[in-house]
Amino acid sequence: MDVIQVSAPAKIILFGEHSVVYGHPAIAIPVSDIRAYTELQIDNKIQHPTIYLKDYGKQFYYHDKVSPEEINHIIHAFDCVQSKTGIMIPQNGWQLKIWSEIPIARGMGSSAAVSVALLKVMLQFLKINLAQSEFIDLSYELEKFHHGRPSGIDNTVISLEKPIFFQKEKEIQYIEPAKFYFVIGDTGIGKKTSQVVNEVANRYTENSDMYGKIFKSIGDIAVHGLDVLQSGDTQRLGELMNENQSLLSEIGVSSPELDNLINVARKNGAIGAKLCGAGKGGCMVALVNSKQEGEFVSNKLIEGGAKRSFLTVLKSGK
Ligand code: MEV
(Lines give C-alpha, C1' and ligand atoms only; values in the text may rest on other atoms or scores of the structure.)
Protein backbone atom coordinates (compact mmCIF):
# COMPACT_ATOMS: atom_id res chain seq x y z
CA MET A 1 0.00 0.00 0.00
CA ASP A 2 1.31 3.46 -0.92
CA VAL A 3 0.51 6.57 1.09
CA ILE A 4 0.64 10.18 -0.08
CA GLN A 5 0.33 12.74 2.70
CA VAL A 6 0.43 16.47 1.98
CA SER A 7 -0.61 19.62 3.79
CA ALA A 8 -1.27 23.32 3.36
CA PRO A 9 -0.87 26.20 5.83
CA ALA A 10 -3.31 28.60 7.43
CA LYS A 11 -3.03 32.28 6.51
CA ILE A 12 -3.74 35.70 7.89
CA ILE A 13 -4.37 38.94 6.07
CA LEU A 14 -2.15 41.68 7.46
CA PHE A 15 -3.63 44.48 5.39
CA GLY A 16 -6.47 44.84 2.92
CA GLU A 17 -9.26 42.38 3.63
CA HIS A 18 -12.51 43.34 1.87
CA SER A 19 -10.94 46.18 -0.15
CA VAL A 20 -8.97 43.46 -1.99
CA VAL A 21 -12.30 42.13 -3.33
CA TYR A 22 -12.69 45.49 -5.14
CA GLY A 23 -9.27 45.43 -6.75
CA HIS A 24 -7.16 47.20 -4.11
CA PRO A 25 -3.84 45.75 -2.94
CA ALA A 26 -3.52 43.60 0.17
CA ILE A 27 -0.88 41.68 2.10
CA ALA A 28 -1.25 38.11 3.32
CA ILE A 29 1.13 35.80 5.14
CA PRO A 30 1.08 32.05 5.62
CA VAL A 31 0.90 30.56 9.11
CA SER A 32 2.94 27.46 8.56
CA ASP A 33 2.58 25.92 12.06
CA ILE A 34 -1.17 25.50 11.65
CA ARG A 35 -2.15 23.26 8.72
CA ALA A 36 -4.78 21.24 6.87
CA TYR A 37 -3.82 17.70 5.82
CA THR A 38 -4.89 15.19 3.21
CA GLU A 39 -3.75 11.59 3.04
CA LEU A 40 -4.42 9.17 0.26
CA GLN A 41 -3.93 5.45 0.78
CA ILE A 42 -3.48 3.63 -2.50
CA ASP A 43 -4.27 -0.06 -2.52
CA ASN A 44 -5.61 -2.18 -5.40
CA LYS A 45 -7.70 -4.16 -2.95
CA ILE A 46 -9.93 -1.15 -2.13
CA GLN A 47 -13.15 -1.66 -4.11
CA HIS A 48 -15.18 1.14 -2.60
CA PRO A 49 -13.14 4.32 -2.15
CA THR A 50 -14.00 6.26 0.97
CA ILE A 51 -13.59 9.85 2.07
CA TYR A 52 -12.96 10.11 5.80
CA LEU A 53 -13.43 13.49 7.48
CA LYS A 54 -11.37 12.78 10.57
CA ASP A 55 -12.33 15.93 12.51
CA TYR A 56 -16.00 15.00 12.27
CA GLY A 57 -15.48 11.23 12.65
CA LYS A 58 -17.50 10.73 9.46
CA GLN A 59 -16.83 8.49 6.48
CA PHE A 60 -18.50 8.62 3.07
CA TYR A 61 -18.44 6.34 0.03
CA TYR A 62 -17.18 8.00 -3.14
CA HIS A 63 -19.52 5.81 -5.20
CA ASP A 64 -22.68 7.00 -3.48
CA LYS A 65 -24.94 8.45 -6.12
CA VAL A 66 -25.89 11.54 -4.14
CA SER A 67 -23.03 13.06 -2.20
CA PRO A 68 -24.02 14.54 1.16
CA GLU A 69 -23.47 18.23 1.74
CA GLU A 70 -20.43 17.58 3.94
CA ILE A 71 -18.40 16.31 0.96
CA ASN A 72 -19.83 18.47 -1.84
CA HIS A 73 -16.68 20.58 -1.89
CA ILE A 74 -14.51 17.47 -2.22
CA ILE A 75 -16.54 16.07 -5.11
CA HIS A 76 -16.38 19.52 -6.70
CA ALA A 77 -12.58 19.50 -6.28
CA PHE A 78 -12.40 16.10 -8.00
CA ASP A 79 -14.57 17.42 -10.86
CA CYS A 80 -12.32 20.47 -11.25
CA VAL A 81 -9.18 18.30 -11.33
CA GLN A 82 -10.76 16.00 -13.91
CA SER A 83 -11.93 18.77 -16.19
CA LYS A 84 -8.66 20.70 -15.91
CA THR A 85 -6.42 17.70 -16.59
CA GLY A 86 -8.70 15.50 -18.68
CA ILE A 87 -7.68 12.58 -16.46
CA MET A 88 -10.33 10.66 -14.57
CA ILE A 89 -9.94 9.82 -10.89
CA PRO A 90 -9.87 6.01 -10.61
CA GLN A 91 -13.12 4.39 -9.48
CA ASN A 92 -11.35 2.16 -6.98
CA GLY A 93 -8.01 1.51 -5.31
CA TRP A 94 -7.83 4.46 -2.92
CA GLN A 95 -9.14 6.00 0.26
CA LEU A 96 -8.85 9.62 1.31
CA LYS A 97 -8.50 11.10 4.79
CA ILE A 98 -8.81 14.84 5.53
CA TRP A 99 -8.15 16.69 8.76
CA SER A 100 -7.21 20.20 9.79
CA GLU A 101 -5.74 22.13 12.71
CA ILE A 102 -7.08 25.42 11.30
CA PRO A 103 -10.08 26.82 13.14
CA ILE A 104 -13.07 26.82 10.78
CA ALA A 105 -14.71 30.07 9.61
CA ARG A 106 -12.33 32.22 11.64
CA GLY A 107 -10.58 34.10 8.82
CA MET A 108 -7.55 31.80 8.79
CA GLY A 109 -8.22 30.25 5.41
CA SER A 110 -9.40 26.81 6.56
CA SER A 111 -11.46 26.15 3.43
CA ALA A 112 -8.71 27.33 1.07
CA ALA A 113 -6.14 25.22 2.93
CA VAL A 114 -8.28 22.09 2.66
CA SER A 115 -8.81 22.83 -1.05
CA VAL A 116 -5.08 23.28 -1.66
CA ALA A 117 -4.21 20.11 0.28
CA LEU A 118 -6.87 18.23 -1.72
CA LEU A 119 -5.52 19.48 -5.03
CA LYS A 120 -1.95 18.59 -4.07
CA VAL A 121 -2.84 15.03 -3.09
CA MET A 122 -5.03 14.36 -6.13
CA LEU A 123 -2.50 15.82 -8.58
CA GLN A 124 0.28 13.76 -6.98
CA PHE A 125 -1.94 10.67 -7.18
CA LEU A 126 -2.64 11.28 -10.86
CA LYS A 127 1.07 12.11 -11.41
CA ILE A 128 0.28 15.52 -12.84
CA ASN A 129 2.63 18.47 -12.52
CA LEU A 130 0.84 21.77 -13.02
CA ALA A 131 2.65 25.06 -13.48
CA GLN A 132 2.33 27.27 -10.38
CA SER A 133 -0.07 29.68 -12.09
CA GLU A 134 -2.28 26.78 -13.24
CA PHE A 135 -2.33 25.37 -9.73
CA ILE A 136 -3.39 28.77 -8.33
CA ASP A 137 -6.11 29.09 -10.99
CA LEU A 138 -7.43 25.68 -10.04
CA SER A 139 -7.37 26.50 -6.33
CA TYR A 140 -9.32 29.67 -7.18
CA GLU A 141 -12.01 27.54 -8.86
CA LEU A 142 -12.34 25.59 -5.62
CA GLU A 143 -12.40 28.75 -3.54
CA LYS A 144 -15.32 30.05 -5.61
CA PHE A 145 -17.29 27.05 -4.41
CA HIS A 146 -16.91 28.27 -0.81
CA HIS A 147 -17.72 31.89 -1.40
CA GLY A 148 -19.16 33.54 -4.44
CA ARG A 149 -16.78 36.44 -5.05
CA PRO A 150 -13.36 35.61 -3.61
CA SER A 151 -10.55 38.00 -4.41
CA GLY A 152 -8.18 35.04 -4.76
CA ILE A 153 -5.81 36.17 -2.00
CA ASP A 154 -6.51 33.24 0.33
CA ASN A 155 -5.95 30.42 -2.14
CA THR A 156 -2.91 32.23 -3.58
CA VAL A 157 -1.03 32.78 -0.30
CA ILE A 158 -1.87 29.25 0.82
CA SER A 159 -0.79 27.69 -2.49
CA LEU A 160 2.51 29.59 -2.47
CA GLU A 161 3.13 29.47 1.30
CA LYS A 162 5.00 32.77 1.09
CA PRO A 163 4.15 36.31 2.23
CA ILE A 164 2.58 38.13 -0.71
CA PHE A 165 1.51 41.57 -1.86
CA PHE A 166 -1.62 40.77 -3.83
CA GLN A 167 -3.83 42.70 -6.18
CA LYS A 168 -6.49 41.12 -8.36
CA GLU A 169 -5.40 40.57 -11.95
CA LYS A 170 -1.89 41.89 -11.25
CA GLU A 171 1.30 39.94 -10.93
CA ILE A 172 1.86 38.57 -7.43
CA GLN A 173 4.70 40.24 -5.59
CA TYR A 174 6.67 38.18 -3.07
CA ILE A 175 7.67 39.94 0.14
CA GLU A 176 11.04 39.46 1.80
CA PRO A 177 10.05 40.62 5.28
CA ALA A 178 12.20 41.51 8.26
CA LYS A 179 11.50 39.43 11.38
CA PHE A 180 8.17 40.15 13.12
CA TYR A 181 6.24 38.42 15.89
CA PHE A 182 2.47 38.15 15.73
CA VAL A 183 -0.11 36.79 18.12
CA ILE A 184 -3.41 35.54 16.72
CA GLY A 185 -6.45 35.46 18.98
CA ASP A 186 -9.60 33.50 18.15
CA THR A 187 -12.93 34.97 19.35
CA GLY A 188 -14.42 31.49 18.97
CA ILE A 189 -17.17 32.97 16.82
CA GLY A 190 -17.46 31.42 13.38
CA LYS A 191 -18.62 33.62 10.54
CA LYS A 192 -19.01 32.65 6.90
CA THR A 193 -16.80 34.79 4.67
CA SER A 194 -19.45 34.84 1.94
CA GLN A 195 -22.01 36.32 4.32
CA VAL A 196 -19.74 39.13 5.55
CA VAL A 197 -18.50 39.87 2.01
CA ASN A 198 -22.12 40.09 0.78
CA GLU A 199 -23.12 42.38 3.65
CA VAL A 200 -20.21 44.71 2.81
CA ALA A 201 -21.20 44.60 -0.87
CA ASN A 202 -24.74 45.69 0.01
CA ARG A 203 -23.51 48.58 2.13
CA TYR A 204 -21.06 49.57 -0.63
CA THR A 205 -23.96 49.78 -3.10
CA GLU A 206 -25.90 52.02 -0.72
CA ASN A 207 -22.95 54.24 0.14
CA SER A 208 -20.51 53.91 -2.71
CA ASP A 209 -18.67 57.22 -2.19
CA MET A 210 -17.76 56.57 1.42
CA TYR A 211 -16.95 52.89 0.90
CA GLY A 212 -14.93 53.66 -2.22
CA LYS A 213 -12.78 56.12 -0.23
CA ILE A 214 -12.29 53.71 2.64
CA PHE A 215 -11.29 50.87 0.32
CA LYS A 216 -8.77 53.17 -1.37
CA SER A 217 -7.31 54.19 2.02
CA ILE A 218 -6.99 50.54 3.03
CA GLY A 219 -5.20 49.84 -0.25
CA ASP A 220 -2.79 52.73 0.49
CA ILE A 221 -2.07 51.20 3.90
CA ALA A 222 -1.17 47.91 2.19
CA VAL A 223 1.23 49.78 -0.11
CA HIS A 224 2.93 51.39 2.93
CA GLY A 225 2.80 48.07 4.72
CA LEU A 226 4.89 46.49 1.98
CA ASP A 227 7.76 48.97 2.55
CA VAL A 228 7.52 48.73 6.30
CA LEU A 229 7.52 44.92 6.32
CA GLN A 230 10.69 44.93 4.27
CA SER A 231 12.43 47.72 6.22
CA GLY A 232 11.61 46.18 9.60
CA ASP A 233 10.00 49.25 11.23
CA THR A 234 7.92 47.50 13.90
CA GLN A 235 6.45 50.73 15.30
CA ARG A 236 5.17 51.88 11.92
CA LEU A 237 3.84 48.43 11.10
CA GLY A 238 1.79 48.49 14.32
CA GLU A 239 0.43 51.95 13.53
CA LEU A 240 -0.62 50.79 10.07
CA MET A 241 -2.40 47.79 11.60
CA ASN A 242 -4.29 50.12 13.95
CA GLU A 243 -5.22 52.43 11.07
CA ASN A 244 -6.43 49.47 9.04
CA GLN A 245 -8.54 48.31 12.01
CA SER A 246 -10.24 51.73 12.31
CA LEU A 247 -11.21 51.57 8.64
CA LEU A 248 -12.48 48.00 8.99
CA SER A 249 -14.64 49.17 11.91
CA GLU A 250 -16.01 51.94 9.69
CA ILE A 251 -17.18 49.42 7.10
CA GLY A 252 -18.88 47.49 9.88
CA VAL A 253 -16.88 44.25 9.95
CA SER A 254 -15.49 44.43 13.46
CA SER A 255 -17.51 43.13 16.41
CA PRO A 256 -17.59 43.63 20.19
CA GLU A 257 -15.63 40.39 20.68
CA LEU A 258 -12.96 41.42 18.17
CA ASP A 259 -12.77 44.94 19.64
CA ASN A 260 -12.36 43.43 23.09
CA LEU A 261 -9.43 41.17 22.08
CA ILE A 262 -7.81 44.00 20.08
CA ASN A 263 -8.01 46.26 23.16
CA VAL A 264 -6.66 43.52 25.44
CA ALA A 265 -3.68 43.08 23.09
CA ARG A 266 -2.99 46.82 22.83
CA LYS A 267 -3.31 47.35 26.61
CA ASN A 268 -0.83 44.57 27.22
CA GLY A 269 1.94 45.87 25.04
CA ALA A 270 0.99 44.98 21.46
CA ILE A 271 2.26 47.62 19.06
CA GLY A 272 -0.73 47.25 16.79
CA ALA A 273 -3.73 44.96 16.40
CA LYS A 274 -6.52 44.37 13.94
CA LEU A 275 -9.06 41.79 12.92
CA CYS A 276 -7.94 39.44 10.17
CA GLY A 277 -10.07 37.88 7.46
CA ALA A 278 -13.70 38.66 6.85
CA GLY A 279 -14.42 39.77 10.42
CA LYS A 280 -17.69 39.91 12.40
CA GLY A 281 -16.10 37.16 14.47
CA GLY A 282 -13.13 34.96 13.71
CA CYS A 283 -9.61 36.03 14.59
CA MET A 284 -7.57 39.12 15.32
CA VAL A 285 -3.83 39.58 14.97
CA ALA A 286 -1.50 41.63 17.16
CA LEU A 287 2.08 42.70 16.53
CA VAL A 288 4.55 42.29 19.41
CA ASN A 289 8.27 42.90 19.87
CA SER A 290 9.47 39.47 20.87
CA LYS A 291 8.54 35.87 21.58
CA GLN A 292 8.32 36.63 25.32
CA GLU A 293 5.99 39.57 24.74
CA GLY A 294 4.00 37.35 22.41
CA GLU A 295 3.56 34.70 25.10
CA PHE A 296 2.47 37.39 27.57
CA VAL A 297 -0.10 38.88 25.15
CA SER A 298 -1.24 35.39 24.20
CA ASN A 299 -2.03 34.57 27.87
CA LYS A 300 -3.81 37.90 28.30
CA LEU A 301 -5.94 37.20 25.24
CA ILE A 302 -7.04 33.87 26.72
CA GLU A 303 -7.80 35.57 30.07
CA GLY A 304 -9.71 38.21 28.08
CA GLY A 305 -11.96 35.64 26.41
CA ALA A 306 -10.06 34.28 23.38
CA LYS A 307 -10.85 30.62 22.76
CA ARG A 308 -7.36 30.01 21.42
CA SER A 309 -4.26 31.99 20.65
CA PHE A 310 -1.23 31.30 18.49
CA LEU A 311 2.17 32.90 18.23
CA THR A 312 3.65 33.09 14.75
CA VAL A 313 6.95 34.48 13.47
CA LEU A 314 7.21 36.13 10.08
CA LYS A 315 10.63 36.11 8.47
CA SER A 316 12.23 35.90 5.09
CA GLY A 317 12.31 32.60 3.32
CA LYS A 318 9.25 31.32 5.16
C1 MEV B 1 -11.03 36.68 3.45
O2 MEV B 1 -9.90 36.02 4.00
C3 MEV B 1 -10.64 37.98 2.86
C4 MEV B 1 -11.76 38.79 2.22
O5 MEV B 1 -11.14 39.96 1.69
C6 MEV B 1 -12.45 38.02 1.13
C7 MEV B 1 -11.58 37.80 -0.10
O8 MEV B 1 -10.59 38.45 -0.28
O9 MEV B 1 -11.96 36.93 -0.88
C10 MEV B 1 -12.79 39.23 3.24
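Described below are features of the structure shown in this document. Quick caveat, the model's predicted, so the values are computed rather than measured.

**What to know about the pattern of salt bridges**
Okay, step 1: Taken as a whole and assessed by the stated rule, the structure comprises 14 salt bridges.
Okay, step 2: Linking Glu161 and Arg35 is a salt bridge whose minimum nitrogen-to-oxygen distance equals 2.8 Å. Of the two residues, Glu161 sits in the loop between α4 (153–160) and β6 (164–166) while Arg35 sits in strand β2 (residues 26–42), which places them 126 residues apart along the sequence. As far as the burial class goes, Glu161 and Arg35 line up, both buried.
Okay, step 3: With its nearest N and O atoms 3.6 Å apart, the salt bridge here joins Lys300 to Glu303. Here Glu303 and Lys300 lie together in helix α9 (residues 291–303), a separation of 3 residues that amounts to about one turn.
Okay, step 4: Because the salt bridges share partners, they merge into one network encompassing Arg106, Asp186 and Arg308.

**Quick word on the packing of helix α2 (residues 110–125) against helix α3 (residues 132–146)**
Okay, step 1: Closest axis-to-axis distance for the α2/α3 pair is 9 Å, and the angle between their directions is 135°. Of the possible angle classes, the one that applies to α2 and α3 is oblique. Seen from above, α2 lies across α3 with right-handed handedness. Note on element contacts: α3 touches α2 through Phe135, Leu138, Ser139, Leu142, Glu143 and His146, opposite Ser111, Ala112, Ser115, Val116, Leu119, Lys120 and Leu123.
Okay, step 2: Grouping the constituent residues of the contact of α2 with α3 by class yields 7 nonpolar, 4 polar and 2 charged.

**Thoughts on the side chain of Ser254**
Okay, step 1: With respect to the secondary-structure elements, Ser254 resides in the loop between α7 (234–250) and α8 (256–267).
Okay, step 2: Given a relative accessible area of 8%, Ser254 falls into the buried group.
Okay, step 3: Reaching out from Ser254, the side chain makes a polar contact with the side chain of Gln245 at a distance of 3.0 Å.
Okay, step 4: If sequence neighbours within four positions are ignored, Ser254 has contacts with Gln245, Leu248, Ser249, Asp259, Leu275 and Lys280.

**With respect to the site of the ligand**
Okay, step 1: Among the 14 residues in the neighbourhood of the ligand, the closest are listed as Lys11, His18, His147, Ser151 and Asp154.
Okay, step 2: Starting from 300 Å² of accessible surface for the ligand in isolation, the protein chains cover 99%.
Okay, step 3: Counting only elements with at least two residues in the shell around the ligand, the list comes to β1 (2–15) and α4.
Okay, step 4: Its residues placed into classes, the shell around the ligand shows 7 nonpolar, 4 polar and 3 charged.

Definitions and limits used
- Residues numbered from 1 in each chain as written.
- Predicted model: local features only at pLDDT ≥ 70, side-chain atom pairs only at ≥ 80, totals over all residues.
- Heavy atoms only, no water.
- Salt bridge = Lys/Arg side-chain N within 4 Å of Asp/Glu carboxyl O.
- Helix = DSSP H or I, 4+ residues; strand = E, 2+ residues; numbered from the N terminus.
- Buried < 20%, exposed > 50% of the residue type's maximum accessible area, 1.4 Å probe, protein only.
- Axes fitted to C-alpha atoms, helices over the stretch in contact; angles between N-to-C directions.
- Parallel < 35°, antiparallel > 145°, perpendicular 65-115°, else oblique.
- Left-handed = near helix turned anticlockwise from the far one by under 90°.
- Contact = heavy atoms within 4.5 Å.
- Nonpolar A, V, L, I, M, F, W, Y, C, P; charged D, E, K, R; others polar.
- Polar contact = N/O pair within 3.5 Å; in protein donor to acceptor, adjacent residues only side chain to side chain.
- Near = heavy atom within 4 Å.
- Areas by Shrake-Rupley, 256 points an atom, 1.4 Å probe, with all protein chains shown as cover.

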